[in-house]
Amino acid sequence: MKPRLKPTLLSALAVGLLAVDASAYTLKPAYPNVVTELPTSAIIPPDGSNRLFLLQQRGKILVLPKDESSADAKVFLDFTSRAMEAKDGKFEEGLLGLAFHPEFAKNRKFYVYYSQQDPKRSIVSEFQVSESDPNQADLKTERILLDVPQPFWNHNSGNLLFGPDGYLYIAFGDGGKRDDVTRTAQNPFSLLGKILRIDVNTKQGSRQYGLPADNPFPNVNGTRPEIYALGLRNPWGLSFDADGTLWCADVGQDIWEEINLIEKGGNYGWSFREGARPFPIRTDAPPADAKFIEPIHEYPHSDGISITGGFIYRGEKLPKLKGAYIYGDWAFGKIWALKYDKAGKKVISNELIFQAPLNPKGQGLMKPSAFCEDLNKEILVLDWNGKLLRVEE
């Protein structure tokens, strides 16, 4: 696990002493009295309850209090006893994804992505909420959908979300270490380095899920039919825009971080490419029929070294940011607002709206692990150090 900030520095963050540039935007504490550890996602279930669920990498899901000044967060799910991480404490494993079924109000079903050891693997499971307590998961209802072997401790990804088509989209990283050493991202028979799409409402063959009929590779020998897109390194931030566009931030390795618009059947190049150019470690040639889709935006490691994806802002409090894709860099503590012309296929603007103070090593004292919508569609920033923050003018 990467070093945690000292309490004195966290105190400085908590009182909003974050901005160091002339930006009109700053970060202010949200839910300041709720104790969190390594927050990675905040999700609103589609049941009209106006509850906000906070996913924590070390194994808990909290239901945040309606009163933001309250400390009364309820533990919805607790996986801390499941030994999700390797004994050496590598920090990319754990409880990494949460999604609520579109019919959650009726069927009480939700889905999580978490890691397990001995053997090392990633699991995607379905659960139901307790019939007697809507703020308590019923762990006895677990139904494992996917159990995927992992070669290393990093690049798990783990993003889960339902699309407007009602199918579950699942992001897997390439399995980790460096250089795509296991060559999974372009291997069509591996689920690693891919975005999958499955139907949780049916079962097919011995699978615990169905396969959408219009998945891009339904009957291709040597290719897993769950695959929706391939050639990804470590997707960290999936979101659907109102028009159904799937945005994906993909963490780079040596030089480039990238943002992609995911197309059905699209190949995004890793590890033959990093960003919009060849990856020099790969000396072998890609298949002759390979067609790689370039990112819509990239930035070099002089600007940041670990992208965190977000969403298209549709709130009311920050009118200049409306329609912008909000994203940031985990290591440098930056937040940008990118506006993209889909028809013209070009970036209109990419404004740096926030820069955190830096530590002596040049890394940000705020580490954005996710950008999420709050109950009013405003921007909630999850700081991996254990804070929830809001973007304000």
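For the structure itself, consult the block above.
Residues numbered from 1 in each chain as written. Predicted model: local features only at pLDDT ≥ 70, side-chain atom pairs only at ≥ 80, totals over all residues. Heavy atoms only, no water.

**Student:** I'd like a rundown of the overall build of the protein, residues and numbers included.
**Tutor:** When its secondary structure is counted, the protein shows two helices and 26 strands. Taken over C-alpha atoms, the radius of gyration comes to 20 Å for the protein, in line with the 21 Å a tight globule of 393 residues would show. Within the protein, buried positions represent 57% of all 393 residues. Sequence-distant contacts, at least 24 apart, represent 55% of the contacts inside the protein between residues at least 6 apart. Surface exposure of the protein reaches about 16500 Å², of which carbon and sulfur atoms provide 52%. For the protein, the distance from the average site of its 47 positive side-chain charges to the average site of its 49 negative ones is 2 Å. (Helix = DSSP H or I, 4+ residues; strand = E, 2+ residues; numbered from the N terminus. Rg over C-alpha atoms; globule rule 2.2 N^0.38 Å. Buried < 20%, exposed > 50% of the residue type's maximum accessible area, 1.4 Å probe, protein only. Contact = heavy atoms within 4.5 Å. Areas by Shrake-Rupley, 256 points an atom, 1.4 Å probe, with all protein chains shown as cover. Lys, Arg positive; Asp, Glu negative; His and termini not counted. Charge placed at Lys NZ, Arg CZ, Asp CG, Glu CD.)

**Student:** Go over the environment of Lys-361, please, and point to the residues and values.
**Tutor:** The topology assignment puts Lys-361 in the loop between strand 23 (346-355) and strand 24 (368-373). Along the sequence, Lys-361 and Ala-249 sit 112 residues apart, while their C-alpha atoms lie 25 Å from each other.

**Student:** Account for the packing of aromatic side chains, with residues named and values stated.
**Tutor:** As enumerated under the stated definition, the model contains 24 aromatic pairs in all. Plain terms: the ring middles of Tyr-113 and Phe-172 are 5.3 Å apart, the flat faces sit at 55° to each other, and that makes the pair tilted. One end of the pair, Tyr-113, is in strand 7 (residues 109-116); the other, Phe-172, is in strand 11 (residues 168-172), and 59 residues separate them in sequence. Between the aromatic rings of Trp-247 and Tyr-325, the centroid separation amounts to 4.5 Å while the plane-to-plane angle is 15°, which identifies the pairing as stacked. Of this pair, Trp-247 sits in strand 15 (residues 246-250) while Tyr-325 sits in strand 21 (residues 325-329), and the two are 78 residues apart along the sequence. When its relative accessible area of 2% is taken as the criterion, Trp-247 is described as buried. Judged by its relative accessible area of 0%, Tyr-325 is buried. Joined through ring pairs, the aromatic side chains of Phe-53, Phe-76, Phe-79, Phe-100, Phe-104, Phe-110, Tyr-114 and Phe-127 make up one cluster. Above the plane of the ring of Phe-79 lies Arg-82, whose end atom (NZ or CZ) is 3.9 Å from the centre. (Phe/Tyr/Trp six-rings, centres within 6.5 Å; stacked < 30°, edge-to-face > 60°. Lys NZ or Arg CZ within 6 Å of the ring centre and 35° of its normal.)

**Student:** Please give an account of the sheet that holds strand 8 (residues 121-129) that cites residues and values.
**Tutor:** In space, the four strands of this open sheet follow the order 6-7-8-9, with antiparallel pairing throughout. Unpaired on one side and paired on the other, strand 6 (95-100) and strand 9 (137-149) mark the two borders of the sheet. Between one strand axis and the next, the sheet turns through 20° on average, direction left out of account. Pairing between strand 8 and strand 9: eight bridges, direction antiparallel. By the bridge assignment, Ser-125 is partnered in strand 9 with Ile-144. (Pairing = 2+ DSSP bridges. Axes fitted to C-alpha atoms, helices over the stretch in contact; angles between N-to-C directions.)

**Student:** I'd like a description of the environment of Gly-94, backed by residues and values.
**Tutor:** Tracing the backbone through its elements, the reader meets Gly-94 in the loop between strand 5 (74-78) and strand 6. Classification of Gly-94 as buried rests on a relative accessible area of 0%. Sequence-distant contacts of Gly-94, defined by excluding residues within four places in its chain, comprise Gln-57, Met-84, Glu-85, Tyr-113, Tyr-114 and Ser-115.

**Student:** Tell me what's going on with the environment of Arg-197, and back it up with residues and numbers.
**Tutor:** Mapped onto the secondary structure, Arg-197 falls in strand 12 (residues 194-198). Along the sequence, Arg-197 and Tyr-169 sit 28 residues apart, while their C-alpha atoms lie 4.6 Å from each other. Those residues within four positions of Arg-197 in sequence are excluded, and the remaining contacts are Asp-165, Tyr-167, Leu-168, Tyr-169, Pro-212, Asp-214, Asn-215, Glu-226, Tyr-228 and Lys-264. Only 2.8 Å separates the side chain of Arg-197 from the side chain of Asp-165, close enough to count as a polar contact. (Polar contact = N/O pair within 3.5 Å; in protein donor to acceptor, adjacent residues only side chain to side chain.)

Just geometry here; none of it tells us what the structure is for.
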